[in-house]
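Below are the chains, spelled out letter by letter.
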Amino acid sequence: MKLQRKNMLRASALGALVVSGALVLTACGSDDNTKNNGSTAAPSGAAAGDVKCDGATGKLLASGSSAQKNAVDLWIKNYMAACKGVEVNYKSSSSGEGIVAFNQGTVGFAGSDSALKPEQVEESKKICKDGQGINLPMVGGPIALGFNVPGVDKLNLDATTLANIFNDKIKKWNDEAIKKLNPGVELPDLAIQAFHRSEDSGTTENLAKYLKATAGDAWPHEVAKKWPAQGGLGASGSSGVAAAVKQNAGAIGYFELSYASSQGIKTVDLNTGAAAPVAATAENASKAIAAAKIAGTGKDLALKLDYTTKADGAYPIVLVTYEVVCDKGNKAETLPTVKSFLTYTASDAGQKVLSEKGYAPIPAEINAKVREVVASLS
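What you see is a predicted model, and the numbers here were worked out from it, not measured in a lab.

Rules of the game
Residues numbered from 1 in each chain as written. Predicted model: local features only at pLDDT ≥ 70, side-chain atom pairs only at ≥ 80, totals over all residues. Heavy atoms only, no water. Phe/Tyr/Trp six-rings, centres within 6.5 Å; stacked < 30°, edge-to-face > 60°. Helix = DSSP H or I, 4+ residues; strand = E, 2+ residues; numbered from the N terminus. Buried < 20%, exposed > 50% of the residue type's maximum accessible area, 1.4 Å probe, protein only. Axes fitted to C-alpha atoms, helices over the stretch in contact; angles between N-to-C directions. Parallel < 35°, antiparallel > 145°, perpendicular 65-115°, else oblique. Left-handed = near helix turned anticlockwise from the far one by under 90°. Contact = heavy atoms within 4.5 Å. Nonpolar A, V, L, I, M, F, W, Y, C, P; charged D, E, K, R; others polar. Disulfide = S-S within 2.5 Å. Pairing = 2+ DSSP bridges. Right-handed = clockwise from strand over helix to strand, strands pointing away.

Draft legend 1. A look at the packing of aromatic side chains. Across all of its chains, the model carries six aromatic pairs by this definition. Each ring, one from Phe166 and one from Trp227, has its centre 5.6 Å from the other, and the planes form 70°; the classification is edge-to-face. In this pair, Phe166 is assigned in helix H5 (residues 159–166) and Trp227 in the loop between helix H7 (202–214) and strand E7 (233–235), connecting sequence segments 61 residues apart. Each member of the pair Phe166 and Trp227 is classed as buried. Taken together, a centroid distance of 6.1 Å and an interplanar angle of 75° make the contact between Phe166 and Tyr254 edge-to-face. Here Phe166 is found in helix H5, whereas its partner Tyr254 is found in strand E8 (residues 251–256), with 88 residues between them in sequence. We note that Phe166, like Tyr254, is buried. One aromatic cluster is present, formed by Phe166, Trp219, Trp227 and Tyr254 through successive ring pairs.

As structure tokens, then:
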């Protein structure tokens, strides 16, 4: 128990350092904005005219999903470089916290890794006068399973084995179930340390949806944002889980691919029943997301994903993060900035830069509908 607590505290501390660094970078972006001399100047790496400021002004607060943080940071940097005098501040916390903030009216939009539930939509009507909260898919990508197993560079796992690892039923890396999936790999006699999100998380919910759909009796838990299994170690945010995996030999955890890429963390290839195990890449996630169907009605563009796909090269543990906004009844002082910023993020240029951070752009047909809805916000 002492060792477990020590690891938890260390993971939390590392997570705090990562978040602190991210805040410094955001502040630097704000400084760059104050030095910009033109309201329509193109940001670095973007073509002129990609960002349309369109009456945006003042400060726009947003919060939520940490899975989309790296994408939003890049968007904010580009946007603030183009729009003089505008400040966009995104607090990376969790999907649950973001939706709470949105329904309390303290943010202009929220980021969430899962669509609003009916009771959350109903609650949003108190804030969205004559309207309601809707889901706009904006960021796609794989939920990577990062691992830190000394001497092992490539690791294949399937849904049942993953479920048993996170349920604390498989405790050593040289367990027969893991060896069977990795012939010829020298797996150490090393204890597994499985890290999960300590707070309510849409990333957790999406992983749970995959395990519920594919792992059978090995994952008996209901799908929820709160981590349901016994055992394991908690860490705050995707950054905290990634930091914990990187720090601790024998660790495994789940987080958006960009956290693995930026920290050099190895990721699991999934045995889905396809011809070959599938790597967690933006391209492979796009193949899975492309099969998504719009499940929302009206202006709500919530998607239904197929977590059971066995298509070759399709990585099924994917998330789509939504920007949650009011379809009507947005605050007059922030509406122009909300529309301007989300118009950029949904633009071809805004989606194109996602690949720089290991994300997958939203399929073009769906993204065109997102732009239509953003233009209609009132």
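That covers the picture; the talk isn't over yet.
Draft legend 2. Quick look at the packing of H5 against H7. The N-to-C vectors of H5 and H7 enclose an angle of 120°; their axes lie 9 Å apart at closest approach. Classified by the angle their axes make, H5 and H7 are oblique. Handedness of the crossing formed by H5 with H7: left-handed. Between H5, through Ala159, Leu162 and Ala163, and H7, the contact on the second element is made entirely by Tyr210, Leu211 and Thr214. For the contact of H5 with H7, the residue count by class is five nonpolar, one polar and no charged.

Draft legend 3. Just the side chain of Glu205, in detail. The topology assignment puts Glu205 in helix H7. In this structure Glu205 comes out as buried when scored by relative accessible area, which is 4%.

Draft legend 4. Main features of the environment of Gln68. Note on placement: Gln68 falls in the loop between strand E1 (58–64) and helix H2 (69–82). Along the chain, Gln68 and Leu319 lie 251 residues apart, while their C-alpha atoms are 9.8 Å from each other. With near-sequence residues (within four places) excluded, Gln68 lies in contact with Tyr90, Gly111, Val139, Thr321, Glu323 and Tyr359.

Draft legend 5. Seen up close, the environment of Ser286. Looking at the secondary structure, you find Ser286 in helix H10 (residues 282–289). With near-sequence residues (within four places) excluded, Ser286 lies in contact with Ala360 and Pro361.

Draft legend 6. Quick look at the environment of Gly131. For Gly131, the position within the fold is in the loop between helix H4 (118–124) and strand E4 (133–148). You can call Gly131 buried: its relative accessible area is 12%. With 199 residues separating them along the chain, Gly131 and Asn330 place their C-alpha atoms 8.7 Å apart. Excluding its chain neighbours within four sequence positions, the residues that come into contact with Gly131 are Lys125, Asp327 and Lys328.

Draft legend 7. Representation of the state of the cysteines in the model. Enumeration over the complete set of coordinates arrives at two disulfides. Here Cys53 engages in a disulfide with Cys83; their sulfurs sit 2.1 Å apart. Taking the sign of the S-S torsion, about -100° here, the bridge from Cys53 to Cys83 comes out left-handed. A residue pair is termed long-range when its members are at least 10 positions apart, and Cys53 in the loop between helix H1 (2–35) and E1 and Cys83 in the loop between H2 and strand E2 (86–92) qualify at 30 residues. For Cys53, a relative accessible area of 9% translates into the label buried.

Draft legend 8. Structural context of the pairing of strand E6 (residues 193–197). Among the five residues of E6, five are classified as buried, and the element is accordingly described as predominantly covered. Here E6 runs beside E8; their pairing, made up of two bridges, is parallel. Looking at E8, one finds that Ala194 is bridged to Ile252. Sheet topology places E6 next to E7; three bridges connect them, and they run parallel. When the bridges of E7 are listed, His196 appears paired with Gly234. Taken together, E6, H7 and E7 constitute a β-α-β crossover, and its handedness is right-handed.

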